[in-house]
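Overview (structure and organization)
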Amino acid sequence: MWSGMHDAAIEEVQRAIDCNPSNALAYVVLGNVLDVAGRPEEGIPFLETGLRLNPLEPRMRYAMTWLDGAYLNARRYADALAWLQRAVSRRSDYALTFLFLAVCLTKLGKCSAAERALAECEKVEPGFTAAL
C-alpha cells in the first residue's frame with residue numbers, strides 16, 4: 001500500500017476476506033487501502049464493517065481513526081467528527097486521531113477547538129505534526 005501498489009494491496013486483502021469473511025482486521029485494512037488509493041467512499045463501508053465485526057478488538061481504535069481519515073478525504077466532515085469523538089473517548093493516546101480532529105474542526109469552522117486538538121496532538125506525541 002505505502003509503495004503505491006494499491007491494486008496489488010487491494011487484491012491481497014480481498015483474498016484474505018475471501019478466505020475468512022469474519023476477519024474484521026482484513027476489512028479495516030481493505031478500507032484503509034482504498035482510502036489511501038484515493039477511493040475513500042469505497043473504503044468507508046469496509047472500515048465500518050471491520051469495526052462492526054469486532055468493536056472490542058484493541059487495535060480498532062486505530063481503525064476508527066482510519067475511518068475518520070476516509071470521511072475527511074470524502075469531505076464528510078460531520079460523519080468524521082462523530083467518529084473522531086468516539087475515537088478520542090475510547091482512547092486518547094493516538095496522535096493521528098487528534099491531528100484528524102484538528103483538520104475536521106477547521107473544515108467545520110471551529111478554529112479554536114481545532115487549536116486545542118492540535119495542542120493535544122503535540123502533548124500525545126511531541127513533534128508529530130512537524131514530522132508530517
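Everything that follows concerns the structure shown earlier in this document.
Procedures and definitions
- Residues numbered from 1 in each chain as written.
- Predicted model: local features only at pLDDT ≥ 70, side-chain atom pairs only at ≥ 80, totals over all residues.
- Heavy atoms only, no water.
- Helix = DSSP H or I, 4+ residues; strand = E, 2+ residues; numbered from the N terminus.
- Expected span 1.5 Å × (residues − 1).
- Buried < 20%, exposed > 50% of the residue type's maximum accessible area, 1.4 Å probe, protein only.
- Contact = heavy atoms within 4.5 Å.
- Axes fitted to C-alpha atoms, helices over the stretch in contact; angles between N-to-C directions.
- Parallel < 35°, antiparallel > 145°, perpendicular 65-115°, else oblique.
- Left-handed = near helix turned anticlockwise from the far one by under 90°.
- Nonpolar A, V, L, I, M, F, W, Y, C, P; charged D, E, K, R; others polar.
- Polar contact = N/O pair within 3.5 Å; in protein donor to acceptor, adjacent residues only side chain to side chain.
- Arc of directions from axis to C-beta.
- Disulfide = S-S within 2.5 Å.
- Core = buried A, V, L, I, M, F, W, Y, C linked by side-chain atoms within 4.5 Å.

This brings us to helix α3 (residues 40–53). Every α-helical turn comprises 3.6 residues, leaving residues that sit three or four positions apart pointing alike. Between its first and last C-alpha, α3 extends 20 Å over 14 residues, near the 20 Å set by a 1.5 Å rise per residue. Of the residues making up α3, those classed as buried are Pro40, Gly43, Ile44, Leu47, Thr49, Gly50 and Leu51. Check the buried side of α3 and you find it contacts α2 (24–36), α4 (60–73) and α5 (77–90).

What follows concerns the packing of α3 against α4. Between α3 and α4, the least distance of the axes is 9 Å, while the angle of their chain directions is 155°. The angle between the axes of α3 and α4 places the two elements in the roughly antiparallel class. Helix-helix and strand crossings are classified by hand; for α3 and α4 the assignment is left-handed. Here Pro40, Ile44, Leu47, Glu48, Gly50 and Leu51 of α3 come into contact with α4, specifically with Met60, Ala63, Met64, Trp66, Leu67, Ala70, Tyr71 and Asn73. The residue makeup of the contact of α3 with α4, split by class, is eleven nonpolar, two polar and one charged.

Mapped onto the fold, Glu57 is located in the loop between α3 and α4. A distance of 2.6 Å separates the side chain of Glu57 from the backbone nitrogen of Arg59, its partner in a polar contact.

So, on to helix α7 (residues 111–124). The terminal C-alpha atoms of α7 lie 20 Å apart, and with 14 residues this matches the ideal 20 Å at 1.5 Å per residue to within 8%. Listing the buried residues of α7 in full gives Ala113, Ala114, Ala117 and Cys121. Burial along α7 is one-sided: seen end-on, the buried residues are contained in an arc of 100°. Facing away from the buried surface of α7 by more than 90 degrees, the exposed residues are Glu115, Arg116 and Lys123.

On inspection of all chains with the given rule, the structure shows zero disulfides. In this model Cys104 remains outside any disulfide bridge; the closest cysteine sulfur is found in Cys111, 12 Å from its own. According to the relative accessible area criterion, Cys104 is buried, its value standing at 0%. Between Cys121, a cysteine without a disulfide, and Cys104, which holds the nearest cysteine sulfur, the sulfur-to-sulfur distance is 15 Å. When its relative accessible area of 0% is taken as the criterion, Cys121 is described as buried.

Among the nonpolar cores identified, the biggest contains 34 residues, and Leu51, Leu67, Leu101, Cys104 and Leu105 are the most heavily contacted of them. If you list the elements that add at least two residues to this core, you get α2, α3, α4, α5, α6 (95–107) and α7. Discounting chain neighbours no more than four positions away, the residues touching Leu101 are Leu81, Leu84, Val88 and Ala117. Counting residues in hydrophobic clusters, the runner-up holds nine residues, among them Ile10, Ile17, Leu30 and Leu34.

On to the environment of Leu25. Looking at where Leu25 falls in the secondary structure, it is placed in helix α2. Sequence separation between Leu25 and Ala131 is 106 residues; the distance between their C-alpha atoms is 27 Å. The contacts of Leu25, once residues within four sequence positions are left out, are Arg59 and Met60.

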